[in-house]
Structure formats: C-alpha cells, structure tokens
Amino acid sequence: MQDDDLPWQLVLVFTPLSLLSLGGGQSVIADINKQVVDLHGWISQADFVDLFAISRAAPGPGSLLSTLIGWRVDGWTGALVASLAYFVPSSLIAFAVSRIWNRYRGRPWQGALEQGLAPLATGLILSGAFTVLLSSSGALSVWSIVAASAAVFILRPKLNPLPVLLAAGLVEVAVSALS
Amino acid sequence: MTDTEPKPAVTLPQIFALFARIGLTSFGGGLSAWIYREVVDRRHWLSEDEFLAGLTLAQILPGPNVINISIYIGQRLRGTLGSVIAALALLLPPMVVAVALLILFRNFSHLEWLHDFLEGIAAGAIGLTISVGYRAARHAAKTNRWAPAVLALVFIAIGVLRWPLIPVVLCLAPLAVLVARKKV
C-alpha cells in the first residue's frame, strides 16, 4: 500500500463505523479491532490492546482510541484524519437531531425508538467488552480483575473510576512479578 | 423553541472552559454523570428534563454518548457555535494528552511491567464497561420485555460469532423497534 493512500484508508475505516456506533464508541471496538488488525494489518493485536489501555487510562472520552490508532498508523496526519473521520459524521447527526428533537417532544415514535434501540445498544456495548477481553492474554488474573472491577462498579456506580483502574494495573503488575 | 423563560446568559468562553475541564479531569468513563452535575446541579444552565432528553438522544444516536450530549447542550445554550465549541473543548485537550502518553509509552515499551500495568488497567476498564452494560440492561428490561432477547441476539452475533457489525445492526434495528412497540 502506498503511504499516500493511508489517510484515505483511515477515512474509509472510521467514517462508516462513526455512523454505526449506536450506543456509543464502545459498540464498534470489536469492529475497529477486526479492521485495523485482521483486515488491514496496520498494527498487531498486542499493539491494539496497548492502545486500548492507553485510551482508557488517558482522560477524556474512551473513543480517543481512533486518534491513537490514527497516530500509530500515520503520525499526526493519521491522528487528525482518523479523529475527524470518526467524530465528525456522528456529531453532525447529533447536531441535526438536537435541533429537531424539541419540536416533536412527547410523540409516541420517540418512545418506541428509544425503547427498541436501548437493548440493541446494550448488546453492542457488552460485545465490545467481551471482544477486548478475548483479545487479552487470557490469564486467570485478567479475568479476575475484570470480574472484581465489574462487581465494584455495579455496587458503587458513582465511584471515581480512576483509582480503581490504577489499582487494577498495580494488581496485574504484582501478580506477574510473583508468578 | 417555546421556552421563553429567562436563562442565565452563558458565554462561549464559559462553555469552552467547562468542557475542557471535564475532558481533562475525567478518566476511564462516567463523563455524562459529571456533565450532569456541572451543567444542571451546579450551574443551572439546563433543567433536569432538558438534560435527560438530551442524554436519551445521545444514547440512541451513533457516536460517543458524551460527545453527543455536549453537542446537544452547546446547541441549546448558544446554537451552532455553542455546539462546536463544546465538542472541540471536550475532545482536543485529551487528544493531545493521549498522544503524549502514547509517545512516552513507546520510549518505555521495553519495560515488561508497563505492559502488565496497562493490561491490568484495560481489564479494570472492561469491568467498568460491563457494569454500565449491566445497568443499561436492567433498565431496558423494565420497559421492554423483548429487551433480554434482543440483547442476547446482538451479543451472540457480534460478540461470540464475530459477525460484521454493519449488517447485523441494519437487520436487527427495525426488528428491535418493532417488537418494542408491542405492549408489555
């Protein structure tokens, strides 16, 4: 592949996913993973897991994963192109719908759309989590941290996630050092 | 818009400052709750109903929920320019931080423990995502009796069988809306 084509390829990967990321950025992680690792071979699976972790450890929306993948693939140009391709299409829809929505508030079709798509979006969110879990090392410690973290956040939804995530990182370091 | 009730005038710099701060200080998710606290509880820029309608929209539309809700809030407060400022303020500073972290990480990527650390953080973040999915599923099941079936279908198709996302969503979305219209 010629380097000149890379920005365009990034647009072709991220724009459709932007428009289909129902339920938020989490829902297309599985497909981003498949496209950048399996289909295009831009980065390795280990790279992908690292980038995912950094996107979660960094402040701001987790969807910055697209920025990081773009940067890894084609430097700052890639970061900018991937970000625009991923954020602009869905944002334009959000903007248009925000404007129209209040004019029709309370109509039955709004409730039907909302209730119908909610479980679909939830299924996508959980699929994304499952895919990333399967692509990890699969060590018992990883599964245990996932279970413990899920339990903590289900029991305490308002908890600041940062200390829990840092603790999760330290636990994995300790477990690896001991084994 | 029929709402003529006087609102405190919110300036574009105020919108920028708030969303930049939220973007830079939030880690690992949960931004919507943070935005709610700042915009509704503390600043009274939007009523609770206005915010919740926007959050619902943000969740059903494609795109990251937190960016969609920022666009909605910016649009309500200051029209087109307000929504552009809110979204950019939320995204740009963390973008630079994320790439800086990645560059730092490359210089230290030979350190084995750093990979373990990041794998642990990723595992913790998966747990966070599962908890969000769990709460959303519980909520959906209360209003829509087909919710568990739709959720299971999507999970099996995308998560387990790894079918491509686009056709699965296009086939299931009309079906999901149709069955939700049947009375519970």
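This one's a predicted model, so the numbers in the text were calculated from it and none came from an experiment.

## So, the overall build of chain A
Thinking step 1. The helix and strand inventory of chain A stands at seven helices and zero strands.
Thinking step 2. When the elements of chain A are put in sequence order from the N terminus, they spell out α-α-α-α-α-α-α.
Thinking step 3. With respect to the three principal axes, the spread of C-alpha positions in chain A is 60 × 50 × 25 Å.
Thinking step 4. Across the 179 residues of chain A, 51% fall into the buried class.
Thinking step 5. Considering only contacts within chain A whose residues lie at least 6 apart along the sequence, 59% involve residues at least 24 apart.

## What about the confidence of the model for chain A?
Thinking step 1. Residue-level pLDDT values for chain A average 86, and 95% of them are 70 or greater.
Thinking step 2. Within chain A, no element has a lower average pLDDT than helix H5 (residues 108-135) of chain A, which sits at 79, and none a higher one than helix H6 (residues 140-155) of chain A, at 93.

## Quick look at the interface of chain B and chain A
Thinking step 1. The interface is formed by 81 residues belonging to chain B together with 89 residues belonging to chain A.
Thinking step 2. The set of elements that each furnish at least two residues to the side of chain B that touches chain A consists of helix H1 (12-25), helix H3 (48-60), helix H4 (65-107), helix H5 (112-143), helix H6 (147-160) and helix H7 (165-181) of chain B.
Thinking step 3. Per-element tally for the side of chain B that touches chain A: the top contributor is H5(B), with 25 residues.
Thinking step 4. Per-class residue counts for the side of chain B that touches chain A are 55 nonpolar, 22 polar and four charged.

## Looking at unusual backbone geometry
Residues and elements named next belong to chain B.
Thinking step 1. One non-glycine residue, His-44, lies in the positive phi region at around 55°.
Thinking step 2. Even without glycine at this site, Arg-162 takes up a positive phi of about 60°.
Thinking step 3. In this fold, Arg-162 is placed in the loop between H6 and H7.
Thinking step 4. When the 17 C-beta atoms within 10 Å are taken as the criterion, Arg-162 is described as partly exposed.

What counts, and where the lines are drawn
Residues numbered from 1 in each chain as written. Chains lettered and ligands numbered in written order. Predicted model: local features only at pLDDT ≥ 70, side-chain atom pairs only at ≥ 80, totals over all residues. Helix = DSSP H or I, 4+ residues; strand = E, 2+ residues; numbered from the N terminus. Buried ≥ 20, exposed ≤ 12 C-beta atoms within 10 Å, placed from the backbone. Contact = placed C-beta atoms within 7 Å. pLDDT = per-residue confidence, 0-100. Nonpolar A, V, L, I, M, F, W, Y, C, P; charged D, E, K, R; others polar.

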